[in-house]
Amino acid sequence: MRSAEKFADRRVKRALFPLRTFALFFAMFAVFTTVQMLMIGSVIDYRRLPLANTLGVLGFWVAASVGFTLITGLLVRHQYQKPIEEVSEAARKVAGGDFSVYLAPKHPQDKATHLDVLCLDFNKMVEELGSIETLKTDFFSNVSHEIKTPLAVIQNHAELLQQKQLTEEQRQESTAVILQAARRLSSLITNMLKLNKLEKQVIQPQPRPFDVCAQLCACALQFEDVWEKKQIDFEADLQDRLLLTADEGLLELVWTNLLSNAMKFTPAGGKVTLTQRTDGECVIVTVADTGCGMDPAIRRHIFDQFYQGDTSHATEGNGLGLALVRRVLELSDGTITVASTPGQGSTFTVELPLTPRQEENPA
């Protein structure tokens, strides 16, 4: 690494008196002098001038070339070389992991040059890299935590099962805990793979007409045992039939995640309402609950990966469900909004076009 840096430094030209510039100016002035001598040669015979005068003229142009070259070199260094060196040094710091680097523009906004634009673009790039680095760090931290927790549960209860004095009831309880932790781990890995494929658009929506009302009913019935066990009052207000052209499999992820969250955060004796309507061009599906609700600070982050605002239910999920919902709806030209009040529940509203929006043909 150091040898590469030394090699790079040797390749950088820092001379204030570039010989090529001097040679160019000298040749240019020599040509001008020759043309001048030829033009007035009929008046003055330069061949009869003393050698000292000739050398004087030559020395004058050498001095002029030196002066012009130095001035040009200083201007180039001040206006170009020095700013580029600052950008190079800043890039070296960013490559080393320092994302706090900032390059101040050299001129006011109304007198900005291309170098000022370069500084602004560089600052924007560093800011984006810093955000990506933060997201990557948070991602690995969250994944490590989410994987470590169920693994610790599995390990502890597996060690407990090795004890011979356990009763059959204790053995069944430990087995159930291990199965629950294993399912949570499997769900985490499955959701991570799905979200990764959706983010990279490996999974492309395959729109086909299907009855969205029938799909909503089927998804709701998956939670029948949950609402009966918690004595939740579940109501559904749906049309008899409505054809929606979208990816049926991806939208099933949306409905099951929203209904799962509603059931999870609604206390025993609460109420969950599933509503579907249409305005002619779009289908609007609403999932409302009377659960714990959310304050504005939590609402701002509920679609972030691994974010769980209510830590009391952390063992029942992994914080990827709503991130999957948002990504699926983005790929389906849909939108999702949430209204919530702490202690009064939450309402999620999904809006989808009945038919995919046609992309404009390039001209």
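Quantities reported herein were computed from a predicted structural model and do not represent experimental measurements. (Residues numbered from 1 in each chain as written. Predicted model: local features only at pLDDT ≥ 70, side-chain atom pairs only at ≥ 80, totals over all residues. Heavy atoms only, no water.)

Undergrad: I'd like to hear about the pairing of strand β7 (residues 345–353), residue by residue, with values.
TA: Judged from the 7 bridges that link them, strand β5 (residues 282–289) and β7 form a sheet pairing that is antiparallel. Each bridged residue has a counterpart across the sheet, and for Ala288 the counterpart in β7 is Thr347. In the sheet, strand β6 (residues 335–341) pairs with β7 via 7 bridges, with the strands oriented antiparallel. Bridge pairing in β7 links Val338 to Phe348. (Pairing = 2+ DSSP bridges. Helix = DSSP H or I, 4+ residues; strand = E, 2+ residues; numbered from the N terminus.)

Undergrad: Pulling in residues and values, what's your account of a nonpolar patch on the surface?
TA: A cluster of nonpolar side chains, contributed by Val76, Tyr80 and Ile84, occupies part of the molecular surface with about 260 Å² of accessible area. Tracing the chain through its elements places Tyr80 in helix α3 (residues 51–95). By relative accessible area, Tyr80 is classed as partly exposed at 37%. (Patch = residues over 30% accessible without salt bridge, like charges linked within 9 Å, V, L, I, M, F, W, Y side chains within 5 Å. Areas by Shrake-Rupley, 256 points an atom, 1.4 Å probe, with all protein chains shown as cover. Salt bridge = Lys/Arg side-chain N within 4 Å of Asp/Glu carboxyl O. Buried < 20%, exposed > 50% of the residue type's maximum accessible area, 1.4 Å probe, protein only.)

Undergrad: Describe in detail the pairing of strand β3 (residues 243–246), supporting the description with residues and values.
TA: Burial along β3 is one-sided: the residues Leu244 and Ala246 are buried and none of Leu243 and Thr245 is. Sheet analysis places strand β1 (residues 208–211) next to β3, joined by 4 bridges and oriented antiparallel. Along β3, the bridge assignment pairs Phe210 with Leu244.

Undergrad: I'd like a rundown of the packing of helix α6 (residues 212–221) against helix α8 (residues 248–265), residues and numbers included.
TA: Between two packed helices, the angle of one axis relative to the other and the distance separating the axes together describe the packing. In contact at an axis separation of 10 Å, α6 and α8 are set at 45° when each is read in the N-to-C sense. The orientation of α6 relative to α8 falls into the category oblique. Where α6 crosses over α8, the two elements pack in a sense that is right-handed. Every residue of α8 that contacts α6 at Val212, Gln215, Leu216, Cys219 and Ala220 is listed here: Glu248, Leu251, Glu252, Trp255, Thr256 and Leu259. (Axes fitted to C-alpha atoms, helices over the stretch in contact; angles between N-to-C directions. Parallel < 35°, antiparallel > 145°, perpendicular 65-115°, else oblique. Left-handed = near helix turned anticlockwise from the far one by under 90°. Contact = heavy atoms within 4.5 Å.)

Undergrad: Report on the pattern of salt bridges, specifying residues and quantitative values.
TA: Tallying each qualifying case throughout the model produces 4 salt bridges. With a shortest N-O distance of 2.7 Å, Glu89 and Arg92 are connected by a salt bridge. Of this pair, Glu89 and Arg92 both sit in helix α3, 3 residues apart, which is roughly one turn of that helix. Classification of Glu89 as partly exposed rests on a relative accessible area of 36%. Arg92 gets classed as partly exposed once you look at its relative accessible area, which sits at 42%. Taking the shortest distance from any N to any O, the salt bridge between Lys271 and Glu235 comes out at 3.4 Å. Highlighted residues: Lys271 in strand β4 (residues 271–278) and Glu235 in strand β2 (residues 233–237), separated in sequence by 36 residues. Owing to a relative accessible area of 31%, Lys271 belongs among the partly exposed residues under this scheme. On the basis of relative accessible area, Glu235 is assigned to the partly exposed category, the value being 36%.

Undergrad: An account of the environment of Ala152 is requested, with residue identities and associated values reported.
TA: Position of Ala152 among the secondary structure elements: in helix α4 (residues 114–161). What makes Ala152 partly exposed here is its relative accessible area of 31%. Spatially, the C-alpha atom of Ala152 lies 10.0 Å from that of Ile178, the residues being 26 residues apart in sequence.

Undergrad: Kindly report on the environment of Thr286, identifying the contributing residues and their values.
TA: Relative to the helices and strands, Thr286 resides in strand β5. Using a relative accessible area of 17% as the deciding quantity, one classes Thr286 as buried. For the pair Thr286 and Glu351, spaced 65 residues apart in the sequence, the C-alpha separation amounts to 8.8 Å. Leaving out residues up to four positions away in the same chain, Thr286 has contacts with Thr273, Leu274, Thr275, Thr347, Phe348 and Thr349.

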